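Results of the structural survey
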Amino acid sequence: MSAAAIPLPSDSRLRLLSAASATAADFSRDVRAGLTSKPKSLPPRWFYDELGSALFDAICFLPEYYVMRAEAEVLAANVGDIAGAFGDVSRLIELGSGTARKTRILLDALTTAAPSLEYVPVDVDEAMLARSGRELLAEYDALRVTAIAADFERPSGALAQLPPPRGRTVVLFLGSTIGNLDPDAAIAMLRDLRSALVPHDALLLGVDLRKPRAVLEAAYDDALGVTAAFNRNLLARINRELGADFDLASFGHRALYEETHGRIEMHLVSTRAQRVRLAGLEIDFDEGETIHTENSYKHDAATLAALARESGFAIYRTWTDAQKRFADVFLVAE
Ligand code: AVJ
């Protein structure tokens, strides 16, 4: 959906901006590069077409996938403290906002003190932005929404489109989304974000914490097979959008905790030797060969301290759920 397709009165509290976002050509390039390299890999950002987003939503309801519920618990149990730490916020930016379901916990508290707060959701899915933007306007009668369709990995480009803020900017980056980035990429992303902020601006960062292997592996390989479907949908999407001929039934789902890196790895495992055709390319798989589709990094105090130190933020407070599965960390720009 394009910005022009959304009918809005000119005095609307909703604006929709578009930064350079991913195209079909980017998808094709990433898939070709990933499937012709050794070992084979695909970037997890391509999981989220319409079906993939719906499958991720379903994952959040699974008994094994505690991540979303643990963070909702952190936010709900500490909303007063969190709003207190935010202080006099005039602009609330959310990177990778999605449906902004958890955000409402914070908006309820923040709009009590500042009804005309400016909320800036940044997400690659324009249709989702328009839908959730309209819903939020209906729920919060003075809230102003400036939605930006953009990738979260280089946030400074998207944020450069905004006029200078009148007061403190607070950025939300929730849900362990940062976990998809390798440590160097995570630091590069936070540095880029820091460059778009001024000292005293802040970031609320949601990260999943290290925990026993069995808990982590079950969360990424659930009994119903929803995560397996989420993973295989990447191949289905390549078939649909790029005309490939992957036989989905001959790729298995594997999730394993790589303790040395502190990350869950997801793979698609070829259950036989096979050849796949993809727009003029022939891609051969050995039996047991995998496509590495996702890393999901898990943190502890040391990795969080390093992340903050390397990116120009100071850790001000950390809130966790009762079982210490998930942390929301409040970082202040130095
Ligand atoms: C959306 C990146 C936070 O890593 O836990 C869920 C994605 N992958 N199950 C995560 C995901 C498999 C999720 N993030």
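To start, this report covers the structure provided alongside it. Everything numeric here is computed off the predicted structure, so don't read it as measured data.

1. Observations concerning the site of the ligand
Near the ligand you find 13 residues, and of these Tyr 65, Gly 175, Tyr 220, Glu 294 and Ser 296 are the closest. Measuring from an oxygen atom of the ligand, one finds a side-chain N or O atom of Tyr 220 at 2.5 Å. Ser 296 has a polar side-chain atom sitting 2.7 Å from an oxygen atom of the ligand. Secondary structure elements with two or more residues in the shell around the ligand: α2 (50-59), α10 (226-242) and β12 (290-297). Per-domain counts for the shell around the ligand show at least three residues from each of domain 1 (24-62 + 214-297) and domain 2 (66-211 + 299-333).

2. Points about the nonpolar core
Side chains of a nonpolar character, in soluble globular proteins, are inclined to be buried together. The biggest cluster of nonpolar side chains holds 37 residues, and the ones touching the most others in it are Ile 238, Phe 246 and Ile 291. The leading source of residues in this core is α10, at six residues. Here this core gathers at least three residues from each of two domains, domain 1 (24-62 + 214-297) and domain 2 (66-211 + 299-333). If we ignore the near neighbours within four places in the chain, the residues touching Ile 291 are Leu 35, Lys 40, Ser 41, Leu 42, Leu 235, Phe 246, Phe 251, Met 266, His 267, Leu 268 and Phe 285. Met 189, Leu 203, Leu 307 and Ala 333 belong to the second-largest nonpolar core, a separate cluster that totals 34 residues.

3. Some thoughts on the packing of helix α1 (residues 24-36) against α10
Orientation of α1 relative to α10, taken along the N-to-C sense of each, is 125 degrees, at an axis distance of 11 Å. Taken together, the axis directions place α1 and α10 in an arrangement best described as oblique. For the crossing formed where α1 meets α10, the hand is left-handed. Together, Phe 27, Ser 28 and Val 31 of α1 and Arg 237, Ile 238, Glu 241 and Leu 242 of α10 make up the contact between the two elements.

4. Side note on the pairing of strand β11 (residues 281-285)
Here strand β10 (residues 274-278) pairs with β11 via five bridges, running antiparallel. In the strand pairing of β11, Leu 278 is matched with Leu 281. Counted between consecutive antiparallel strands, the loop separating β10 from β11 contains two residues, among which Ala 279 sits at a positive phi close to 35 degrees.

5. Examining the sheet that holds strand β8 (residues 251-258)
One open sheet holds the four strands; their spatial order is β2-β12-β9-β8, and the pairing between them is mixed. Each of the sheet's edge strands pairs with one partner strand only, and the pair in question is β2 (40-41) and β8. Of the strand pairs in this sheet, strand β9 (residues 263-270) and β12 are connected by seven bridges, and their pairing is antiparallel. Residue Met 266 lies in a different strand from β12, and its bridge partner there is Glu 294.

6. Describing the sheet that holds strand β1 (residues 14-18)
The eight strands lie next to each other as β1-β5-β4-β3-β6-β7-β14-β13, forming an open sheet whose pairing is mixed. Each of the sheet's edge strands pairs with one partner strand only, and the pair in question is β1 and β13 (313-320). With strand direction ignored, the average angle separating the axes of adjacent strands in the sheet is 20 degrees. Alignment of strand β6 (residues 168-173) against strand β7 (residues 202-208), held across four bridges, turns out to be parallel. Note that in β7 the partner of Val 171 across the bridge is Leu 203. Most of the contacts of helix α8 (residues 183-195) go to β13, to which it runs at about 115 degrees, and overall it touches β3 (89-95), β6, β7, β13 and β14 (326-333).

7. Let's talk about the environment of Met 128
Here Met 128 shows up in helix α6 (residues 126-139). A C-alpha to C-alpha distance of 23 Å links Met 128 and Leu 235, two positions 107 residues apart in sequence.

8. What about the environment of Arg 191?
If you trace the backbone, Arg 191 turns up in helix α8. Taking C-alpha positions, Arg 191 is 14 Å from Leu 95, a pair spaced 96 residues apart along the chain.

9. A closer look at the packing of aromatic side chains
Think of a pair of aromatic rings as described by two things: how far the centres are apart, and how the planes are tilted against each other in angle. A full pass over the atoms with the stated rule returns 15 aromatic pairs. Ring centres of Phe 86 and Phe 330 lie 5.5 Å apart, and the angle between their planes is 25 degrees; this geometry places the pair in the stacked category. With Phe 86 in helix α4 (residues 79-86) and Phe 330 in strand β14, this pair connects stretches of sequence that are 244 residues apart. Positioned over the ring face of Phe 285 is Lys 40, at 4.8 Å from the centre of the ring. Here the basic side chain of Arg 237 rests over the ring of Phe 27, its NZ or CZ set 4.7 Å away from the ring centre.

10. Topic: the pairing of β3
With seven of its seven residues buried, β3 lies for the most part within the structure. The pairing of β3 with β6 spans five bridges and is parallel. Across the sheet, residue Arg 91 finds its bridge partner in β6, namely Thr 169. Both β3 and strand β4 (residues 118-123) contribute to a ladder of five bridges, which runs parallel. Paired with Arg 91 across the strands is Glu 118, a residue of β4. At this point the chain moves from β3, through helix α5 (residues 103-113), to the parallel β4, and the crossover so formed is right-handed.

11. Here's the deal with α8
With 13 residues, α8 should cover 18 Å at 1.5 Å per step; its first-to-last C-alpha distance of 18 Å lies within 8% of that length. Buried residues of α8: Ala 186, Ile 187, Met 189, Leu 190, Asp 192, Leu 193 and Arg 194, and no others.

About the cut-offs
- Here, residues in each chain are numbered from 1, in the same order as that chain's written sequence.
- The model is predicted, so local features are restricted to residues of pLDDT at least 70 and side-chain atom pairs to those at 80 or more, both for listing and for counting; the totals for chains, interfaces and linings are taken over all residues.
- Based on all heavy atoms of the structure, the side-chain values leave hydrogens and waters out of the count.
- Each residue is tested against the molecule or strand, and it is near if at least one of its non-hydrogen atoms lies within 4 Å.
- What qualifies as a polar contact is a pair of N or O atoms within 3.5 Å, subject to a donor-acceptor requirement within protein and to the restriction that residues adjacent in sequence count only when both atoms come from side chains.
- Only DSSP runs of H or I reaching four residues or more are called helices, and only runs of E reaching two or more are called strands; each is numbered from the N terminus.
- Segmentation into domains, and thus their bounds, comes from an automatic or database assignment.
- Buried Ala, Val, Leu, Ile, Met, Phe, Trp, Tyr and Cys residues that are joined via side-chain atoms within 4.5 Å together make up what is termed a nonpolar core.
- Between buried and exposed lies partly exposed: a residue is buried under 20% and exposed over 50% of the maximum accessible area for its type, with that area taken using a 1.4 Å probe on protein chains only.
- Any two residues whose heavy atoms approach within 4.5 Å are treated as being in contact.
- Orientation is described by lines fitted to C-alpha atoms, with helices fitted over the stretch in contact, and by angles between N-to-C directions that extend from 0 to 180 degrees.
- Roughly parallel refers to an angle under 35 degrees, roughly antiparallel to one over 145, roughly perpendicular to one between 65 and 115, and oblique to any angle outside these ranges.
- Take the far helix as your reference; a near helix turned counterclockwise from it by less than a right angle gives a left-handed crossing, and one turned clockwise gives a right-handed crossing.
- Two strands pair under a simple rule: DSSP has to find at least two bridges between them.
- Each Phe, Tyr or Trp ring (for Trp, its six-membered ring) is paired with any other whose centre lies within 6.5 Å, and the angle between the two planes then decides the class: stacked below 30 degrees, edge-to-face above 60, tilted in between.
- Comment: the charge-over-ring label is applied if NZ (Lys) or CZ (Arg) is within 6 Å of the ring centre and within 35 degrees of the ring normal.
- When the strands point away from the viewer and the path from the first strand over the helix to the second turns clockwise, the crossover is right-handed.
- Each residue after the first adds 1.5 Å to the expected span of a helix.

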